[in-house]
Structures are given as structure tokens and as C-alpha cells.
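Breakdown of the fold
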Amino acid sequence: MNNQDYIVGELRINAAGRYVIKNHELHCGDCVQLYLCGKWVKTSIEAYDGEYYFVGLPGLKPATLLARIKA
């Protein structure tokens, strides 16, 4: 798979407090890949007590990280 199979962009937080990639809003259970230390890391987004987090990446606050989801 190459990046043509994905929506790729900077991970941002929108006005509603949700993570977005370009104009695609992420929700609980969505699979996402984050570009960390030169490689794509698979994870999913979840929420606890009103805060979103990435499974397996405790404490990560990925403001403006490069991210991708399947198109």
C-alpha cells in the first residue's frame, strides 16, 4: 500500500475537540497510523472521561503529527 490508499495530513483538533485529518473527523474505534520516529505506527483512537487518546501510546499528545487513515 502506498499513500494513495490513504488520507494523509497533519493531525489537528477541531472546534468540537475531536481529532481530524484534513476534513475527516476521527471517532472512537477509528484505526489511524501516526508517523513516529520515521515509521508508521498503527493505533486506534478511544476516549475516556471526555479525553481522546491513542491505544498503546500512553501520554502521547500528537498535536500536528503526520497521520493517515485508509481512504
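Our subject in this report is the structure included herewith. (Residues numbered from 1 in each chain as written. Predicted model: local features only at pLDDT ≥ 70, side-chain atom pairs only at ≥ 80, totals over all residues. Heavy atoms only, no water.)

Here we look at the overall build of the protein
Check the secondary structure of the protein and you find zero helices and seven strands. Taken over C-alpha atoms, the radius of gyration comes to 11 Å for the protein, in line with the 11 Å a tight globule of 71 residues would show. Along the three orthogonal principal directions, the C-alpha set of the protein runs to about 35 × 25 × 20 Å. When the 71 residues of the protein are sorted by exposure, 31% land in the buried category. A separation of at least 24 residues holds for 47% of the contacts in the protein among residues at least 6 apart in sequence. A total of about 4,800 Å² of accessible surface is found on the protein, and carbon and sulfur atoms cover 52% of it. Positive and negative side-chain charges in the protein, numbering 8 and 7 respectively, have mean positions lying 8 Å apart. (Helix = DSSP H or I, 4+ residues; strand = E, 2+ residues; numbered from the N terminus. Rg over C-alpha atoms; globule rule 2.2 N^0.38 Å. Buried < 20%, exposed > 50% of the residue type's maximum accessible area, 1.4 Å probe, protein only. Contact = heavy atoms within 4.5 Å. Areas by Shrake-Rupley, 256 points an atom, 1.4 Å probe, with all protein chains shown as cover. Lys, Arg positive; Asp, Glu negative; His and termini not counted. Charge placed at Lys NZ, Arg CZ, Asp CG, Glu CD.)

Some thoughts on the sheet that holds strand β2 (residues 19-21)
Taken in spatial order, the seven strands line up as β3-β2-β1-β7-β4-β5-β6 in an open sheet, and their pairing is antiparallel. If you trace the sheet from one side to the other, it starts and ends with β3 (24-25) and β6 (51-54), each paired once. Inspection of the sheet shows strand β1 (residues 6-13) paired to β2 by three bridges, in the antiparallel sense. Bridge pairing links Leu11 to Ile21 in β2. (Pairing = 2+ DSSP bridges.)

By themselves, these are just geometric observations and shouldn't be taken as functional.
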